[in-house]
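An overview of the molecular structure
The lines below spell out each chain.
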Amino acid sequence: MNKAQLLNIKVLPHEVTKSISSQLGIAESHLSYKVEKRLMTCIAQGDVQKLFEELQVFSNSIGVGEMSADNLNQYKYMAVSSITLATRYAIEGGLNEADAYSFSDMFIRKIDLMKSPDKIISSLAQAIIELTNSVAEEKSRLKYSPHIRKCIAYINKNINKKISIKDISEQCGLSADYLSHLFKSEIGENLSSYILKNKLELSKSLLLEGLDNHKICQALGFSSQSHFISVFKKQYGITPKQFVLYTK
């Protein structure tokens, strides 16, 4: 199973799973504890590929119990309960607790505004992928040298400011050239590109929160709205406005 397939998983309405279970003479269909444990363990291990493999058996549909008589609320409640559980496993996997809960809160606020069950499922799948990748990144950081861990920590702490390589190198006690070389060697990408990528990833969350381009530039230290729009489109192939429209 690939990412596209994961994002298209369907959840059977409760009345359907209830009918199927009745015909088979078994209890109402729920995701079994063993399967749930395997899936959530993938998150804790930061293993996206394994997550896809475990979901292969459910590529057509997943049944859930009745949580609301209203169909839209049924999907919302399912998504909230799922992300809550996934967040706990992500924390167990080493993800920073504050970051994990912040991610969960943002996702729940986003889901609360949605009107389409398909969008809810797609957003849940995407959130689980992001959580799993975040755990993987956190685990990989443990392999980095102390200088690079300090560098990444500084970037994360000051992501809302204009960050220069000179500022970071001074914090790490290294020359700018040597830090850039070390970062490229260990991380596999340029330091400046890494900073921009993280700012842009955060900007997507802020866009979904309802912030406009001007406020995002203020929040993340972009020099101008035109610069923000330009680098956003270069990174993702669409403008910030289009991103918001496509994700609603």
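For the structure, check the block above.
Attention here is on the structure that accompanies the text. (Residues numbered from 1 in each chain as written. Predicted model: local features only at pLDDT ≥ 70, side-chain atom pairs only at ≥ 80, totals over all residues. Heavy atoms only, no water.)

**Considerations on the packing of aromatic side chains**
In plain terms, the rule: Each Phe, Tyr or Trp ring (for Trp, its six-membered ring) is paired with any other whose centre lies within 6.5 Å, and the angle between the two planes then decides the class: stacked below 30 degrees, edge-to-face above 60, tilted in between. Strands here are runs of E lasting at least two residues and helices are runs of H or I lasting at least four, both read from the DSSP assignment and numbered beginning at the N terminus. Accessibility here uses a 1.4 Å probe with only protein chains present; expressed as a share of the type maximum, an area under 20% marks a residue as buried, one over 50% as exposed, and anything in between as partly exposed.
Inspection of every chain in the model, using the stated rule, returns five aromatic pairs. Ring geometry for Phe183 versus Tyr194: centroids 5.1 Å apart, planes at 65°, classification edge-to-face. With a gap of eleven residues between them, Phe183 in helix H10 (residues 176-187) and Tyr194 in helix H11 (residues 191-209) connect regions that are remote in the sequence. Residue classification places Tyr194 among the buried positions, given a relative accessible area of 8%. An aromatic cluster is defined as three or more aromatic residues linked by ring pairs; in this entry it consists of Phe222, Phe228, Phe232, Tyr236 and Phe243.

**Things to note about the nonpolar core**
Put simply, the test is: Joining through side-chain atoms within 4.5 Å is the link that ties buried Ala, Val, Leu, Ile, Met, Phe, Trp, Tyr and Cys residues into a set, and such a set is a nonpolar core. Should any heavy atoms of two residues lie within 4.5 Å, those residues are considered in contact.
Counting residues in each nonpolar core, the largest one holds 27 residues, and the members touching the most others are Ile83, Phe107, Leu124 and Leu131. Those elements that place two or more of their residues in this core are helix H3 (33-45), helix H5 (71-92), helix H6 (97-112) and helix H7 (117-141). Beyond its immediate stretch of four places on either side in the chain, Leu124 contacts Met78, Ala79, Ser82, Ile83 and Phe107.

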